[in-house]
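Commentary on secondary and tertiary structure
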Amino acid sequence: MDILPLLCVVSVALTGLTKGDGVLPDGPLTAPVGGTVMFTTTVTPPETPFLVVSWSFTFNNTESIPIITSTLSDSINPEYESRITLNRSTGSLELRDLALTDSGEYSVSITPNGGFEMRGSTRLEILVPVSNVKVDMSSTDLVEFNSSVSLSCSSSGSSVSFLWLNGSSEVTAGERVHLTDGGSTLTINNVTRFDQGPFRCKVSNAVSEGTSDPVNLSISFGPENIILELSSSHEYFEEGSTISMSCSAVSRPSALFQWFLDGSLLSDTGPKLTLENVQMNQSGNYSCQAFNTKTLRYQTSQPSAVTVVVPVSNVKVDMSSTDLVEFNSSVRLSCSSSGSSVSFLWLNGSSEVTAGERVHLTDGGSTLTINNVTRYDQAPFTCHVTNVLSNITSDPVEMSISFGPHDISIKVSKTSFKKGSTISMSCSAVSRPSALFQWFLNGSLLSDTGPKLTLENVQMNQSGNYSCQAFNTKTLRYQTSQPSAIIVVGGEGQENTAHSEELNYVGVHFAQNKPGGTVQLGLQNNTTEYAQIQVNKGGAAVSAPPAYDVHMQKTRRPAPQPGTNGAHAQSDMRDITMIPHWKTLYTVLLVTLNVVPVLGFGVQVSWVKPVTAGFSTTFTCSSSCFPNCTYTWSFKGHTVKGSTLTWTPHGLDSTMELQCTVLNAETGVSRSVTSTVEIKNQVSVQISPARTVPSLNQSLDLVCHGATPGDLPGTSYLEDQVVWYKDGQKVTVSEKMHLLQNNLTLHFDSLLRSDAGFYQCETYLPAFKQSKVFSLGYLLNFDPWNVSISGPDTVFPGRLSKFTCLTSCTLNVDCTVKWQFRGGFPVGLYFSVHQNELSWTPSIPGTFQNFTCIAENPAAGRSAEATKMVEVKVPISNVTLKANATNLVEFNDTAVLTCSVSNGTSLSYTWLKGSSVVTASDGVEFSDGSATLTIPRVTRYDEGPFRCNVSNGISHEISLPVHLNISYGPSNATVMVMPMKHTHRTGSNIILSCTAESNPPATIEWMFGGVSLNQFGPQIHLQSVTESDSGDYECLFYNRVTSRFSSATAMIRIMDGPMTPVIMGPSMALTETLVTLNCSSASHPPSRFSWYFNDSLVATTSEYQIGPLSLNMSGKYICMAYNHITDQNSFAYKMLTVYVERNDTGDYQCMAISPIENMTSPAHMLLVNFGPETPVIYGPSFATTGHYAVFNCSAMSVPTSNFSWWFNGSLMANTSVFTTSILSLNMSGEYTCVAYNYVTGKNSTNSMMLTVIDAIESVMVKSNTVPIASENFTLTCEVTGYYTSIEWRMNSMNSSTDSKLMSYDENKLHFTPVTLYNDGAYWCIATNQDSLHESPKYNLLVNYGPMSISISGPGSAKVGLTVSLKCTSNSRPDCDFYWYLNNQPSAVNTGSVITFLASKEREGNYTCKARNPVTNITMYYTKALTVTDHASALHFSSQYGLKLTVLFAVFLSVLFH
């Protein structure tokens, strides 16, 4: 059989497990329907042909079918005719046009010449290639976490397998992902957004593979991660501003948004909310809500607070009064402003005003009230109003505060004066406004007024005590000076006598007395009582008191009330006798005298008359202090210096505490005495008639008693000066209320319940109009009397306590008060009763005392009473706290804390741990009336500090703290590994830190694998770890006090890699060749490798063979090394370029040869496409503004490349030649040419820098001076535009040839000096990187001269002849000429030529003056002219003579003009 030329052979890979018995390769072989298979034997061709080669086919173990038997000739089964080709030299068989029925077993038998028969068999499987791969989806509209989806893959082909891809990753079965139907069905339950795909199904068999088109899932999700953002980070916004808010959320499809304010839905929708011209009522918490119409889910943002604030404005201060009196007046400052959320700060000057005893801040701080103003409150006061946006301070306001007079003093030069002399005294006082002064002699008012008193021609009867009194017309206060003794002597030898006054009454506070002394006053029926005190100086004590009337007549003073009226003294008296005088006594006063040691000196306070409202009283403080002692008075919050104090009460106080402090500056010792001064008030409000009980709907008169009209010189004065007050406010009369008797009487026609209140009148004293006082008040009340006793329920021994009987009736008007002691008379160190006030200093602790107060009006038949029981308690002292033990072990020991006191009764215990109160609980027990605290099995939280607070209602004391030192642990042991990883790479550094709770701190030992590392402490450092460092690390804790152990363990795993892979293999390869890339990476354990090309996985081995190569296999090959233990991966890539040789271009033919003939194919032109290579750019590097730049780009490329030009990322042109637009400076930069070959798909770039500079617009040569020979001269080259250099040229020659005369200086050419040789044409050339520009030529002509001068013309002439003289000079420019005759000062002519008729008058020396107007150089030349007799005259007729004369005149006129 003829062997036909074979043009195409399909090679099939031989794989399988079927044995070929050594003649055929192992099978099975696979091939596609319609394809070709080659059964290749392993037989070596013999030298002589085989005798027999035979092939047969068996289908499903049925009868064998012969295919071909070849001996000397071939015997072929007709079914295989034209389908097979047998290679006789090897016995190999090719089978073509395969069908499914060709599947089965193929056998070969080969008999060599002179050898044994060789047999072999293999199996062939025919497969249908894969095609028509597509994916069907059960649903396309899915909701995250709710929906499930099934993807079904179908295809044509046989023995197929399915592989699902999500993007480039293989999909594997998992908890949500299921693969069924042999992998053709992919089911995803509860889809997530990451399941969107794209999904593809890859179907393959042994002969082919196919991949479906990608399928994407539409998965709706969200909303979530909702965020509300404000346009500004400010927390506060100004009213009227604009606020923008935006809301975003992760959602598919995009969410719908609604907005809320404080939880209420707004009408606004959408992702943005804009509030324009916001108002305060728009403040609040804004939130947005996102809604997904697919998932039907909501999410609401966190609220964002928006506070709209009105800025502060219009700040002003209003003052209730500006005319104020020190200590009497109060003032209220009100601060008002516009703005919101404001806060107020008051400033006195630059100091902040804070609330105190006199100063009150109310109405949120906007109102400042100052009670009892002082001179230091004068301000200026300002109100500072602030909010979060702004702050404004008001204008300052000042108060006018009247004060004084005080610190009054008299100045006189001496105290003893001779009769007939003149005495001058001056009086001064601190006062605002200035005080008015009156003078007194021995208490009698003098007629003199004013601050100075002058006594002229004094007499002895003017001796005495002079004092001055200061009066303030605003404060209505007086102060009288200490008397100054003036003695007037009549002459020498007269003895001065001194007079003393008896100090009649002192109230005694016993500072020191002999032990055992007692004073007892008898019990009578009247509350008036007094005592006389006499100092015994060795004389006998008074045996009996004088009669009361005798005593009063002697003293002419009212008896003072004990402890309140009269003068008071506190003195160091060692031996006293107290003699009581009485008419009637109401109570018995028991005084126990205690011994108090003497401390330096005694102090006493005295005054000489009762203290009465409206009258000034002078108090004197005296002591035995010596020397350099200072006296300080303290009363009603005020301090006054000096040993005397003058004070005028205003009637609002019934008593006053007056303290005098004496300081000895030498010894530093000070002593104080305090006296309680009772203030009488002769003005009161009383009911008329007396003892009337006020009743509703009945009439009533209230009388201002003590200010009667009979006491005044007139009634009109009183009518204006009696003012009535109710509850502190001025009374406003009504129809049923009238003022009668010049305002002295307040009359009610019919009492109403609204008339109830506290009534006072304010008036001037009748006998002393300058002093205005408030009366005692009257409480008008229609309700039953209420009586109560104020004061403490518990008192201390030795401590003064005060009790007041409070009644709803007016004392001494509606009712009187008396005290009863039904449980026995109070025993103590001090006891005093005055009307409704009781003072008591108890002495016996642990006792009880009853006080009963009775208010009664016997005439009206009304009474009420109240009783109060007072306990005398022992003060708590010396509270101590002890613990049974302070060093305890947690869970083992019990703590017992015991609290004890040295003194105290009715004790109550409170236990404190730190600042918290300890209460009974499972772990705490109280016993012994809570004096003992027991903590069983203490814990570490019981360390304290513990304190015991003991109280009994009137005193308390806290013990010193006790700390418990509780040993505990070790517990809660932990090991921390840094860095915090499960595995670590070799070579890294690791720090292990071990902690545990322990007191005292536990010792720590480190173990590795159960073996001690002999390392101690809370940390160990592992440096540059290796795999051998892997294992369990344990830290072992031990507390030596608790004897307890604990441990903690950490597992360290040391792994390595992968390091960055190394890829071995070529970077370039020819088409149709094979390339092997080998990837390696240092890793422990060894890494797994994956190869990727065009984002697709192409191999999972370290070695990857590619080929035969085609051009589309050029690109980036990525190797990924992955360590499954360290869970780390690392990447590297290699670029592979597949190419053909450009010199392979040409015509190709193939020739088929047979034994019979041969044939050559038509020529085929092979054109190898390549490039582009790196482009070559031609163009300027510099160009000027206002011009164009042209760039030309070319590149080696087949086919010819397309070109594009780029500048600053923008496409400029799509041609190889690029002409810019008119250039400007901002067009400097890098111009890039991109060459692109649309066949090879490659591009190549090259760039060129273009610098655009300013164009040279003009070049001019200029000079600011005139060139004058022998002077310096400069030419300047003025260039408009950018240039780099300037060159000068002269007559086409470089000007630098004569360096002596010319020199360069930047753009200037200097001639030093300029000469005639420098004449010529000059120009300059300005050059920049782009071009050069020449200036127009500048012709330089140097001015000079005159250098010489001469006069040409005759030296003599006859009379009547015309003479012309010409003056010439060498000069540039031409000179100006002037002619002078015989040195006359004035020129006779100008110009270079002078012409005249010779005459004797014209004879003489002619001087020519030549002056150059440029060089200012002048030269002179003189020529003598001699005139001789007349020449022969020409005779004309008279007619012609006249004509010539006229003509000559005209000629001269023209000549000289």
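Numbering of residues starts from 1 in each chain and follows the order in which that chain's sequence is written. The predicted nature of this model means local features are confined to residues of pLDDT at least 70 and side-chain atom pairs, given and counted, to a pLDDT of 80 or more, with totals for whole chains, interfaces and linings taken over all residues. Side-chain calculation: all heavy atoms of the structure are included, whereas hydrogens and water are not.

The next thing to look at is the overall build of the chain. Helix and strand counts for the chain come out as three helices and 130 strands. Across the 1457 residues that make up the chain, the buried fraction comes to 39%. Residues count as neighbours in contact if any of their non-hydrogen atoms are within 4.5 Å of one another. Taking as baseline every contact in the chain between residues at least 6 positions apart, the subset at least 24 positions apart corresponds to 62%. Put simply, DSSP marks the helices as runs of H or I at least four residues long and the strands as runs of E at least two long, and each gets a number from the N terminus on. Accessible area is worked out with a 1.4 Å probe on protein chains only. A residue is then buried under 20% of its type maximum, exposed over 50%, and partly exposed in between.

Further remarks concern the confidence of the model for the chain. When pLDDT is averaged across the chain, the result is 82; 86% of the residues are at 70 or more. Scored below 50 in pLDDT, residues 1-20 makes 34 contacts in the model with residues more than four places away or belonging to other chains. pLDDT measures the predictor's confidence residue by residue and takes values from 0 up to 100.

Here we come to the sheet that holds strand 74 (residues 837-842). Taken in spatial order, the four strands of this open sheet run 69-71-74-73, and their pairing is antiparallel. One side of each edge strand has no neighbouring strand; the edge strands of this open sheet are strand 69 (787-790) and strand 73 (828-834). Sheet twist, expressed as the average angle between the axes of neighbouring strands with direction ignored, equals 15 degrees. Pairing between strands requires that DSSP locate at least two bridges from one strand to the other. Sheet analysis places strand 69 next to strand 71 (residues 801-807), joined by four bridges and oriented antiparallel. Directly across from Val787, in strand 71, lies its bridge partner Thr807. Between N-to-C directions, angles cover 0 to 180 degrees, with each direction set by a line fitted to C-alpha atoms, over the stretch in contact for helices.

Attention shifts here to the packing of aromatic side chains. Under the pairing criterion, centres of Phe, Tyr and Trp rings, with the six-membered ring standing for Trp, must be within 6.5 Å; the plane angle then separates stacked pairs below 30 degrees from edge-to-face pairs above 60, leaving the rest tilted. Applying the stated criterion across every chain yields a total of 30 aromatic pairs. On the numbers, 5.9 Å between centres and 80 degrees between planes, the contact of Phe748 with Tyr759 is edge-to-face. Here Phe748, found in strand 65 (residues 745-748), pairs with Tyr759, found in strand 66 (residues 757-765); they are eleven residues apart in sequence, far enough to count as distant. For Phe748, a relative accessible area of 1% translates into the label buried. Tyr759 gets classed as buried once you look at its relative accessible area, which sits at 0%. Among the aromatic residues, those joined into a ring-pair cluster are Phe803, Phe821, Phe825, Phe831, Trp840 and Phe851. Against the face of Tyr1378 rests Lys1409, its NZ or CZ located 5.5 Å from the ring centre. A positively charged side chain is recorded as over a ring if its NZ (Lys) or CZ (Arg) lies within 6 Å of the ring centre. The angle to the ring normal must also be within 35 degrees.

Right, let's talk about the environment of Glu276 for a bit. Counting through the fold element by element, Glu276 comes out in the loop between strand 24 (272-275) and strand 25 (284-292). As for Glu276 and Ser244, which are separated by 32 residues in sequence, their C-alpha atoms are 8.5 Å apart. When sequence neighbours within four positions are dropped, the list of residues in contact with Glu276 reads Ser241 and Thr242.

Glancing now at the state of the cysteines. Our working definition of a disulfide is a cysteine sulfur pair at a distance within 2.5 Å. Summed over the entire model, instances satisfying the criterion amount to 15 disulfides. Between the sulfur atoms of Cys805 and its disulfide mate Cys853 the distance is 1.7 Å. Classification of the bridge connecting Cys805 and Cys853 rests on its S-S torsion, roughly -80 degrees, and on that basis the disulfide is left-handed. Within this pair, whereas Cys805 is found in strand 71, its partner Cys853 is found in strand 75 (residues 848-857), the two being separated by 48 residues in sequence. With a relative accessible area of 1%, Cys805 lands in the buried category. Of all cysteine sulfurs in the structure, the one in Cys1367 sits closest to Cys1375, which takes part in no disulfide; the separation is 8.5 Å. Residue classification places Cys1375 among the buried positions, given a relative accessible area of 8%.

By the bridge criterion, six bridges tie strand 126 (residues 1376-1381) to strand 129 (residues 1404-1411) in an arrangement that is antiparallel. Directly across from Tyr1378, in strand 129, lies its bridge partner Lys1409. Where strand 126 lies against strand 127 (residues 1389-1390), two bridges are found, and the strand directions are antiparallel. Bridge pairing in strand 127 places Trp1379 opposite Asn1389.

What follows deals with a nonpolar patch on the surface. On the surface, Met976, Met978, Met980 and Ile991 cluster together to form a nonpolar patch covering roughly 400 Å² of accessible area. Looking at where Met980 falls in the secondary structure, it is placed in the loop between strand 86 (965-978) and strand 87 (983-985). Here the term patch refers to residues with relative accessible area over 30% and no salt bridge, with like charges joined within 9 Å and nonpolar side chains (Val, Leu, Ile, Met, Phe, Trp, Tyr) within 5 Å. In this description, accessible areas are obtained by the Shrake-Rupley approach with a 1.4 Å probe, and a residue is regarded as covered only by the protein chains that are shown. Throughout this description, the term salt bridge denotes a Lys or Arg side-chain nitrogen within 4 Å of a carboxyl oxygen of Asp or Glu.

Attention now moves to the sheet that holds strand 19 (residues 218-230). Strand order in the open sheet made by the four strands is 11-19-21-24, with mixed pairing throughout. At either margin of the open sheet sits one strand with a lone partner, and together these are strand 11 (141-143) and strand 24. Each neighbouring strand pair of the sheet contributes to a mean axis angle of 30 degrees, computed without reference to strand direction. Of the strand pairs in this sheet, strand 21 (residues 243-252) and strand 24 are connected by four bridges, and their pairing is antiparallel. Within strand 24, the position partnered with Ser246 by the bridge is Lys272.

A cis amide bond links Gly1345 to the next residue, Pro1346, at an omega of 10 degrees. Along the chain, Pro1346 turns up in the loop between strand 122 (1338-1340) and strand 123 (1349-1352). A cis amide bond links Arg1372 with the next residue in sequence, Pro1373, at an omega value of -5 degrees. Mapped onto the elements, Pro1373 comes out in the loop between strand 125 (1362-1369) and strand 126. Look at Asn742: it is not a glycine, yet its phi comes out positive at around 55 degrees. Considering the arrangement of structural elements, one finds Asn742 in the loop between strand 64 (737-740) and strand 65. The exposure class of Asn742 is partly exposed, given its relative accessible area of 23%. In this structure, Asn1416 is a non-glycine residue whose phi angle is positive, near 65 degrees.

Along the chain, Thr42 falls in the loop between strand 2 (37-39) and strand 3 (52-58). A sequence separation of 48 residues divides Thr42 from Thr90, and the C-alpha atoms of the two residues are 7.7 Å apart.

Glancing now at the nonpolar core. By size, the foremost hydrophobic cluster in this structure holds 44 residues, and its most contacted members are Phe619, Trp633, Leu658 and Leu702. Residue contacts for Leu658: discarding those within four places in its chain leaves Val605, Phe619, Trp633, Ser634, Phe635, Leu645, Val673, Thr674, Ser675 and Val677. Nine residue types can take part in a nonpolar core, namely buried Ala, Val, Leu, Ile, Met, Phe, Trp, Tyr and Cys, and a core is a set of them joined through side-chain atoms within 4.5 Å.

Take Ser208: it is sitting in the loop between strand 17 (199-204) and strand 18 (209-211). What qualifies as a polar contact is a pair of N or O atoms within 3.5 Å, subject to a donor-acceptor requirement within protein and to the restriction that residues adjacent in sequence count only when both atoms come from side chains. A polar contact is formed between the side chain of Ser208 and the backbone nitrogen of Val130, at a distance of 2.7 Å.

In this structure, Ser287 sits in strand 25. If we skip the residues at most four places from it in the chain, Ser287 touches Leu228, Gln258, Trp259, Phe260, Thr300, Ser301 and Pro303.

Before going further, it helps to spend a moment on the pattern of salt bridges. Within the structure shown, the criterion is met by 23 salt bridges. The partner of Asp141 in a salt bridge is Lys294, with the nearest N and O atoms 3.1 Å apart. Taken together, the residues Asp141 in strand 11 and Lys294 in the loop between strand 25 and strand 26 (297-300) connect sequence positions 153 residues apart. In this structure, Glu1278 and Lys1262 form a salt bridge, with 3.4 Å as the shortest nitrogen-oxygen distance.

Further remarks concern the environment of Val33. Mapped onto the secondary structure, Val33 falls in the loop between strand 1 (29-32) and strand 2. A sequence separation of 96 residues divides Val33 from Pro129, and the C-alpha atoms of the two residues are 7.2 Å apart. Non-local contacts of Val33, meaning those with residues more than four positions away in its chain, are made with Leu98, Leu100, Ile126, Leu127, Val128 and Pro129.

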